[in-house]
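# Observations on the three-dimensional arrangement
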Amino acid sequence: MQKPNAIEVSGLTKKFGELAAVNDVSFTVTEGEFFGFLGPNGAGKTTLIRVLTTLIKPTSGKAVVSCCDVSEKPDSVRQRIGVVPQAMTSDMDLTGYENMDIYGRFYSIPKKERKEKTKYLLDLVGLTSRAGDLVATYSGGMKRRLEIARALVHTPDILFLDEPTIGLDPQSRRVVWEFLEKFRRKDSLTIMLSTHYMEEAESLCDRVAIIDAGKIIALDSPDNLKAQIPGNDIISLTLSDTSRLDEIKNILSGIQFVHKIKVDGETLRIYVDNGAQNLTSLIDAVKGAGGTVSSVGIHQQSLEDAFIHFTGKSIREEEAKKVSFLIGAGVPQKLGR
Ligand SMILES: Nc1ncnc2c1ncn2[C@@H]1O[C@H](COP(=O)(O)OP(=O)(O)O)[C@@H](O)[C@H]1O
Ligand SMILES: [Mg+2]
């Protein structure tokens, strides 16, 4: 049986003056789903979350969250959702326990229940031993875990997280992921998260909406998004200069095993069949067209590639990391087969 929808959004638009930060967006999230919004800075992720969590009103369109329309019954929506905003909002001068307790009071949870719930959640996020310490003494990862626990104190149906692991080191990021997985399994919570980290979207989300300039460009499971890219391997050739870029692109486009070429600065991303086998002939073709290849990468499709496929660009902050991955780990692994 089809599960009911936890979130229903249709034709939602939020304008700031002339700028449509969220532009005619429609999607649904089913109960218990882990749903991700993936997009670069300025894509409209925070604005969308602010509308869905009733902090700002939409300019037009409709959004039903848990029970009710966000414009018509914001108070009822607020009772049923938990929110972890992008900026940390815990009180540094209080302990972790006190921060949780104050939140429980906001929601008028009776004392005994509040105490039990706080203990239970602090334990789940691994903060029991630090519950009596001031939040000011917590690491970034611990503060994040506290904020997630705090957002769950009133047992919401849906948890919204806006870039929950931004600024965390990779290890703390993984710990946060583990907790999110745990909550979801334990409480069959619906989770909607925004992120600009590919890995986060790929490892956590059942479905991912790729958002760019306020619009949803693609929406599917990470596997299905990847499956929509033509060619099973991607060869990245970085040229030492772009003076002969057009000629090189023309020649490569004519090659039978080449499905598509995307240009990103000096790098050509070439979607091909049998990358390892065809790499040398591609490099030869570049040389034949008067170009020089300064570095080479070959890898299998990732969500990053799906993002580039749909938006025509990469998420800039991740670019440096990805290039080093391509040149470092990607080549030997694939060529060594
Ligand atoms: N309160 C605001 N007033 C004017 N413009 C805003 C406001 N909030 C966001 N924007 C603009 O809307 C766009 C989307 O921003 P935002 O939702 O914060 O994106 P993201 O969270 O994906 O980085 C950006 O161009 C941003 O400058
Ligand atoms: Mg944001």
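The preceding data block contains the structure.
On a predicted model such as this, the values are computed, not experimentally measured, just so you know. (Residues numbered from 1 in each chain as written. Chains lettered and ligands numbered in written order. Predicted model: local features only at pLDDT ≥ 70, side-chain atom pairs only at ≥ 80, totals over all residues. Heavy atoms only, no water.)

### Considerations on the layout of surface pockets
- Roughly 330 Å³ of internal volume is contained in the second largest pocket.
- Together, 20 residues line the second largest pocket, and Thr53, Leu55, Val83, Val84 and Pro85 are the ones closest to its centre.
- Sorting the residues of the lining of the second largest pocket by element identifies helix H1 (45–52), strand E6 (81–84) and helix H5 (140–151) as the ones contributing at least two each.
- In terms of residue count, the dominant contributor to the lining of the second largest pocket is E6 (four residues).
- When its residues are assigned to classes, the lining of the second largest pocket shows nine nonpolar, seven polar and four charged. (1 Å grid on protein atoms, 1.4 Å probe; cavity = no way out; pocket = protein on both sides within 12 Å on 5 of 7 lines; lining within 4 Å. Points joined across faces, edges and corners; volume = space filled by probe spheres on them. Helix = DSSP H or I, 4+ residues; strand = E, 2+ residues; numbered from the N terminus. Nonpolar A, V, L, I, M, F, W, Y, C, P; charged D, E, K, R; others polar.)

### Concerning the sheet that holds strand E13 (residues 267–272)
- Here four strands make up an open sheet; going across it, the order is E12-E13-E11-E14 and the pairing antiparallel. Single-partner strands in this sheet number two, and they are strand E12 (258–264) and strand E14 (293–300). Going across the sheet, the axis of each strand differs from the next one's by a mean of 20°, ignoring polarity.
- Taken together, the six bridges between E12 and E13 define a ladder with antiparallel strand orientation. Across the sheet, residue Val258 finds its bridge partner in E13, namely Val272.
- Running over the sheet, helix H9 (residues 245–253) touches strand E11 (233–239), E12 and E13 and is turned about 160° from E12.
- Of the strands in this sheet, E11, E12, E13 and E14 touch helix H10 (residues 275–288), which is tilted by about 30° from E11. (Pairing = 2+ DSSP bridges. Axes fitted to C-alpha atoms, helices over the stretch in contact; angles between N-to-C directions. Contact = heavy atoms within 4.5 Å.)

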